[in-house]
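Structural features, examined
Residue strings, one per chain:
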Amino acid sequence: MSSTRKSTLIIENLRKQQMKELIASGKRLDGRLFDESRSLNIQVGVIKKANGSAWVKLGNTEVVAGVKVETGEPFEGLENKGALIVSAEVLPTASPFIEPGPPDEETIELARVVDRGIRESEMIDLEKLALVPGKIVYVIFVDCSIINSDGNLFDATSYAAVAALLTAKIPIFEMKDGAVIDTGKTKEAPITTLPISITTVRLGESLLIDPTSEEEACMDSRITVTTNSDKFFTAIQKGSSGFFTLEQIKNATETAKVKGEELRRKFKEMINLGQ
Amino acid sequence: MVQTRSLIDENGKRTDGRVIDELRDVKIGVGIIKNADGSAFIEFGKNKIIVAVYGPREVHPKHMALTDKCVLRCRYHMSPFSTDTRKNPAPSRREVEISKVIREALEPAIILEDYPRAAIDVFIEVLEADGGSRCAGIDAASVALADAGINMRDMVSACAAGKVDDKIVLDINDTEDKEGGADMPIAYLPNLNQISLLQLDGILDSTQFNSCIDNAIKGCLKIYEIQRTALMQKYFGNEKEMELKEE
């Protein structure tokens, strides 16, 4: 059952006041502009046993994503397509407020929103990943571990998953005498587009992108907007207990397009350098 | 999502016979569960959903209580017989997420500060699902909260818009959700002009996105009238009597 919750990070009233005053004067606690992301660092291929991997640092938020490819049965209704499963876990290493155990609703939402951003953009051409259509298909697992949490887990996790998929080497499987064999060869994942998510939060009347956990503890509402390489919207999720006006939603979606495009360029450069 | 077959025929009719900007038939009954403090039953096309509200009441376990406001708890659950193939009755990840977004969609409308240390429980049970059950659940939950006499700033009206055959259509049904191009549910506070739920699955350009949002809000306003009428019918018999009393 979903329940109203206290913020896990308790912000002292003085600090909250300080933040509100600063934001009213157009500044943020860490000196960034409202539409400025924290520094983004992506290292790819960090986990050799994974078919693809990425270590993303967005400010102090750190996420490791790994791709593992297996074969299995297709999803019901999608018999001729490979299966893509994106999951996320906030590790107990990530902050003093996280305890081991089954995922809570925040983590489930995080994993589902990241999964939707990638799935709905059709980043991977899953039709190219059917081995025996209707029976055996490639199953791509993208598992994301949040190892340090300082806000905006949605974007950091999404960047990690996308970077890991972009650089993944998919093992080539073949059918021999009715059994699946690994040929030992690999191929690039069939990438069609580069989905980038941008999360905006509302604090009073102000809209800020890429919130820190302090900012998230003070926010009224949150919206995560994913755009693809054509600058089309592919997934949106509003979150947190507050509201947005129509005007604010339109601002947030426009920002997501502009900032998403900037980031997409940066992303391509970083990935190319990493290889 | 790539659409494999056409879902709008040459006469502009959709799979269930509606035109593109037409809502399904919506019927709301108020106060159908005797034990609950507030309740509602909604038939949203083929969706059948009951909502019971209990509270404000004591919070158990006590440590979950908040000192400055009320805790809103929300459970969205689908009955095993509500879908084509039996649904496992244990809460799925999808239901956990929907419970969360519904709670967050209702919270801006409820004056939680009026009931510190208490809890309000909203139980949404989908008896039969046909696409758009989260919106229908919010519509009924909002009516049930009002029926329970909870202090509210506004109603919450929810409705989806989406893309089918590259056209923007109102109130996506199950087939259109599964085979169509995009689905965008919205919850809207009609008097405060605030959006409290917004999700999107599928690909939309800016023009389509704006058109979707405008259409969905129009749908929400229609739902709002139905919600109002349902409440008035329970408490004042009919709308005319209400107007007389106001005078």
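Residue numbering note: each chain is counted from 1, following its sequence as written. Chains and ligands are labelled sequentially in the order written, the chains with letters from A and the ligands with numbers from 1. Where local features are concerned, this predicted model is filtered to residues with pLDDT of at least 70; where side-chain atom pairs are given and counted, the filter is 80 or more; whole-chain, interface and lining totals use all residues.

Observations regarding the overall build of chain A
Put simply, the rule is: Under the DSSP-based scheme used, a helix requires at least four consecutive residues in state H or I and a strand at least two consecutive residues in state E, with every element numbered from the N terminus. Each radius of gyration is computed over the set of C-alpha atoms, and the globule rule expresses the reference value as 2.2 Å times the number of residues to the power 0.38. Whether a residue is buried, exposed or partly exposed is read from the other C-beta atoms within 10 Å of its own C-beta, which are placed from the backbone; 20 or more gives buried, 12 or fewer gives exposed, and intermediate counts give partly exposed. We call two residues in contact when the distance between their C-beta atoms, placed using the backbone, is within 7 Å.
Helix and strand counts for chain A come out as 5 helices and 13 strands. Taken against the 2.2 N^0.38 rule, which gives 19 Å for 275 residues, the C-alpha radius of gyration of chain A at 20 Å falls within 12% of a compact globule. Across its three principal directions, the C-alpha atoms of chain A cover 70 × 40 × 35 Å. Looking at chain A as a whole, 44% of its 275 residues qualify as buried. In chain A, the share of contacts with a sequence separation of at least 24, taken over all contacts with a separation of at least 6, comes to 70%.

Looking at the interface of chain A and chain B
Put simply, the rule is: Gly falls in the polar group here, along with every residue not listed as nonpolar (Ala, Val, Leu, Ile, Met, Phe, Trp, Tyr, Cys, Pro) or charged (Asp, Glu, Lys, Arg). Any two strands are treated as partners once DSSP identifies two or more bridges connecting them.
Contacts between chain A and chain B engage 30 residues on the former and 32 residues on the latter. If you list the elements that add at least two residues to the side of chain A that touches chain B, you get strand S1 (2-3), helix H2 (105-120), strand S13 (233-239) and helix H5 (246-274) of chain A. Broken down by element, the residue count for the side of chain A that touches chain B peaks at 7 residues, all from S13(A). For the side of chain A that touches chain B, the per-class residue count stands at 11 nonpolar, 12 polar and 7 charged. Judged from the 2 bridges that link them, S1(A) and strand S4 (residues 71-78) of chain B form a sheet pairing that is antiparallel. Paired with Ser2(A) across the bridge in S4(B) is Cys74(B).

Looking at the sheet that holds S13(A)
Filter applied, for reference: Note on geometry: axes are C-alpha line fits, over the in-contact stretch for helices, and angles between N-to-C directions span 0 to 180 degrees.
What the 8 strands build is an open sheet, ordered S11(A)-S10(A)-S12(A)-S13(A)-S9(B)-S8(B)-S6(B)-S7(B); its pairing is antiparallel. In the strand order of this sheet, the two ends are held by strand S11 (206-209) of chain A together with strand S7 (167-170) of chain B, each with one partner. Neighbour to neighbour, the strand axes of the sheet diverge by 20 degrees on average, direction disregarded. The pairing of strand S12 (residues 221-227) of chain A with S13(A) spans 6 bridges and is classified as antiparallel.

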